[in-house]
Amino acid sequence: MDQGFFMNIGKQARAFALALALGVAACGGGGSNIASPGATDPGTPPGGGSGGGTGGGTGGGSATCPTGTTNQGALGSLTVCQLTGAITSNLTLPRVTNVAYRLNGRVDVGIDLGGSGSQAGGAAATLTIEPGVTVYGASGADYLVVNRGSRLIADGTATDPIVFTSQSDLNGTVDPANSISQWGGLVILGRAPIRNCNAGVAQGAVDCQAAIEGVTPTALYGGATANDNSGKLEYVQVRFAGFPLPGTAGNELNGITFGGVGSGTEVSYIQVHNNADDGVEFFGGTVSVKYLVLTGNDDDSLDYDTGWTGNLQFVVIRQRNGAGDNLVEASNLQASGLPGTLNTNPTISNFTFIGTPTRGTTNLNGILLNASGGTPGSSGRFFNGIVTGSTNCLNVTAANTNPAPTFNSILFDCPGAYAAAATTAINAGTNNSTATPNTLGGFFPGPNELARTAVNPTTLGPFFSAANYIGAFSPTENATNSWASGWTYRLFGSSGCPTHPQVATGSPLNGQTRCTISGTIATNLRLPAGNLYQLVGRVNVGADIGTAGSGGPTAVLTVDPGVTIFGSSGSDYLVVNRGSQIFVNGTRAAPVIMTSLNDLTNAQIDSANAIGEWGGLVILGRAPIRNCNAGVAQGAVDCQAAIEGVTPTALYGGNIAADNSGRLEYLQVKFAGFPLPGTAGNELNGITFGGVGSGTSVNYIQAHNNADDGVEYFGGTVNGKYIVLTGNDDDSLDYDTGYVGNLQFIISRQRTGAGDNLVEASNLQASGLAGTLNTNPAIANFTFVGTPTRGATLLNGILLNASGGSPGSSGRYVNGIVTGSTTCLNVTAANTNPAPTFNSILFDCPGAYAAAATTAINAGANNSTATANTLTGGFINGTAESARTAVNPTSVSSTFTATTYIGAVRDSGDNWWRTWTCGLEAATPC
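Procedures and definitions
- Residues numbered from 1 in each chain as written.
- Predicted model: local features only at pLDDT ≥ 70, side-chain atom pairs only at ≥ 80, totals over all residues.
- Heavy atoms only, no water.
- Helix = DSSP H or I, 4+ residues; strand = E, 2+ residues; numbered from the N terminus.
- Polar contact = N/O pair within 3.5 Å; in protein donor to acceptor, adjacent residues only side chain to side chain.
- Contact = heavy atoms within 4.5 Å.
- Salt bridge = Lys/Arg side-chain N within 4 Å of Asp/Glu carboxyl O.
- Buried < 20%, exposed > 50% of the residue type's maximum accessible area, 1.4 Å probe, protein only.
- Arc of directions from axis to C-beta.
- Phe/Tyr/Trp six-rings, centres within 6.5 Å; stacked < 30°, edge-to-face > 60°.
- Lys NZ or Arg CZ within 6 Å of the ring centre and 35° of its normal.
- Core = buried A, V, L, I, M, F, W, Y, C linked by side-chain atoms within 4.5 Å.

Participant: Could you clarify how one ought to interpret the side chain of T295 in this entry?
Facilitator: Secondary-structure assignment places T295 in strand β17 (residues 289-295). A polar atom in the side chain of T295 sits 3.1 Å from the side chain of Q271. For T295, the residues in contact, after removing those within four places along its chain, are Q271, V272, H273, N274, R318 and L491.

Listed below in structure tokens is the structure:
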């Protein structure tokens, strides 16, 4: 995946649109003109087109239908080629331009050969469907049955999936979100063992068979051939199906029904969307499936019973709001009195199940292990999963003990209580959680998912692929590069703007839904991926609770992976007030981006030099600060101050060192910064931390081309790791007013001829305040690359400032590289409470060192002012850096990660900065 997609979403979107237009123009020839669903617009149904292929005509009923089908005229611009009755010899449905294949009534592939495979009157046949073909039904009476002994080869591709759908879908009259039951479905019957025999024979015996549900006249499944082969399904969609058998309540067609299907059948990359009954149901058998997507189904999404013992890996389920039943229903039904111990017991790994809490007044389950009908409960082995959205994540009506169900490495996040049997099952496993909230971005893992310990699926059996994460998707996947991207239907499309008083739907932008956010967010708000979010003016998260915590209201803003937030001018910015929180749940593959409207709409934006195009991000907390705005002691509960750049005034500070303002993870802030009108030097930074406490988590953040400082810390105790500061127009890193946090792994690089200090550290306070809360952070493993001048001004690498008559700032610096500036270190006046320290720093600048700087450098160990840097790529350690003796950072702060090298980037194999940042490589411009 080209990381530039994330780093420059606006320009990439425009380029993508152009590429798409060129691609469509190029798509003539013999290919189908029925759109590849999900490729660019997951909501667009197949159908229509302009023809121009070699399929025998130009549509409108005039194309030549293949042998074995009959021409039934036109459906819009499509030629309808019809299948009816029983297919008793091999038949191929080729991909023909402007042709769709109609199932008229029940269409059988072959005639049942029985459990033995030799039943008199049977006939074997194979139906082959080529990639890109569309097969449809017009009513619930239209469906496809693959009988025992016959096969279906539906072998699509990621770019040309095979689509089974309805006539309404092809007509363009379907409601893609809510339509169901518009045709029958797909039924595949095999000779693998089942439990629910219709006669008094042993479970799994050759004569153990049963009638499949939803089909009339009766169709049978089951036998004793565990590796029976019913063909292949790959890259197949089934949409808007499901139909009740008239006169028999609960006897309905599923999207795909597998009855006694054997392990010789290949099934992968399957989606069932909006089926009226279950999405997929397994009635016994041994068939296994990888890459399964179940969306919007109206009963259970996944149903299995009567002795199914197959495997599933990489499964996504999402219900429609207010629809569906269980995400999973597992049963063990059988006719009474049959001998045998063939219990329902599949193995399911790497799944993401997202339910809806209720249907009407009924509370819904995530996973239901069912024991209805007096039979012993179902079993199953569940690994590496996420279950959320339902009222009850797990309901065990009665646990089977032969074997008992098992759950390992499952994140259960549902509000309902767990009954005794469910609690027992969960507690018997390892690494399960019922108390951790999900941080999913749509379907993709966030910090809480990534922190869970996973089971190695390859230990479960040869079917399973290695995956060291929970859920259906890996940490590096997103909506454009996952295993489900491109071939699925409406899986990743926007669900619209969140319902919230401060959110409104604006005009589309770059083909995406624009959601505007304004005013004060007084209740919790989550921003899901798929939309663009515009800040209108100053947007507050909560209202200030003050130092005593008596104000408010408070709120939590959660931002999902891959979300883009933007402003159109310097007056558009985000303020997280004291007592409220922001959770930016970006990932390496899908960082959260805060940027400007110009970045999203202007293909000619100068991403190397653009600055000040919107406001920025301000986070305010109640941790101790030095610069009180009233005559109270530094760090006292009433020690607070007005943050710079914000109007009306917003306050920060207090006495809660561990105050928690949320989490920032994989965040880019670009092209921000703006001066407060009429107040020189009072400007918004890229990210401003005011009195933010150590309970706040900050990792993997970038501030690019801010008009003021990249990141500034006004007091507080917050720590940070993996910080990238590029092209900022004032100081890259600024800290003052009593900041005492710890920072590790920092890359700072200035634009040529721009910027001021790489680091400016101050200790300012209002005069006459009591206390000794001096600015004194610890900074480890940094690579600071400056520019020598800005106009006639010679620039500093690190400036420890004592302006304003206050004592100088301090700081503890270890394992660093400073280069590019005229002067690497400038100490206007050294603080002695405590004094600044420098250890294992390579200073490589041409300017002379004044006395205070020389004293500070010489007081440390393993520093050098005479070694030339050998950085590669501008910031990656070379031979000179690798030769330097490093300090173990954990000796400076327990929050630091142990390292044995100086600088932020150990060598060319150290790529913590890659894929989620921009502007550090030519290949990833901002």
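After that view, the rundown keeps rolling.
Participant: Would you explain the pattern of salt bridges in this entry?
Facilitator: Pairs can form between side chains of opposite charge once their charged atoms are near each other. Within this structure, the stated rule accounts for 17 salt bridges. For R148, the salt bridge identified is with D112, shortest N-O distance 2.8 Å. Pair noted here: R148 is in the loop between β7 (143-146) and β8 (151-155) and D112 is in the loop between β4 (99-109) and β5 (126-129), with a separation of 36 residues, a long-range link. Here R148 falls in the buried class, since its relative accessible area comes to 0%. Judged by its relative accessible area of 13%, D112 is buried. A salt bridge links D560 to R526, with the shortest nitrogen-to-oxygen separation between them at 2.9 Å. Residue D560 is located in the loop between β32 (556-559) and β33 (564-567), and its partner R526 is located in strand β30 (residues 525-527); the two are separated by 34 residues in the primary sequence. Put simply, D155, K232 and E234 are held in one network by salt bridges that share partners.

Participant: Looking at this structure, I do not really get helix α4 (residues 420-428). What am I missing?
Facilitator: Structurally, the α-helix is built with 3.6 residues per turn, so residues lying three or four positions apart point the same way. Those residues of α4 that sit buried are A422, A425 and I426. The arc enclosing the buried residues of α4, seen along the axis, measures out at 95°, which places them on a common side. Pointing more than 90 degrees away from the buried face of α4 are the exposed residues A420, T424, N427 and A428.

Participant: Just checking my understanding: could you explain the side chain of D910 for this structure?
Facilitator: Along the chain, the position of D910 falls in the segment after α8 (879-882). A polar contact is formed between the side chain of D910 and the backbone nitrogen of R906, at a distance of 2.9 Å. Filtering out sequence-adjacent residues up to four positions away, D910 remains in contact with Y901, A904 and V905.

Participant: Explain the packing of aromatic side chains to me, please; I cannot follow it from the model alone.
Facilitator: Think of a pair of aromatic rings as described by two things: how far the centres are apart, and how the planes are tilted against each other in angle. On inspection of all chains with the given rule, the structure shows 39 aromatic pairs. Considering the side-chain rings of Y700 and W916, the 5.7 Å spacing of their centres and the 90° angle between planes classify their relative orientation as edge-to-face. Taken as a pair, Y700 in strand β44 (residues 697-704) and W916 in the segment after α8 lie far apart in primary sequence, 216 residues in all. Each member of the pair, Y700 as well as W916, carries the same accessibility label: buried. One residue, R239, lies across the ring of Y489, its end atom 3.9 Å from the ring centre. Over the aromatic face of F463 sits the side chain of K290, whose NZ or CZ is 4.9 Å from the ring centroid.

Participant: In this structure, what is going on with the nonpolar core? I would like to understand it.
Facilitator: Burial of nonpolar side chains together is a common tendency in soluble globular proteins. One finds I129, F164, L233, F258, F282 and Y304 to be the most contacted residues of the largest nonpolar core, which totals 69 residues. Residues in contact with F282, not counting those within four places in the same chain, are F258, V287, V289, L302, D303, Y304, D305, W308 and L312. Core analysis: the second largest hydrophobic core is formed by 66 residues, I565, V669, V711 and I857 among them.

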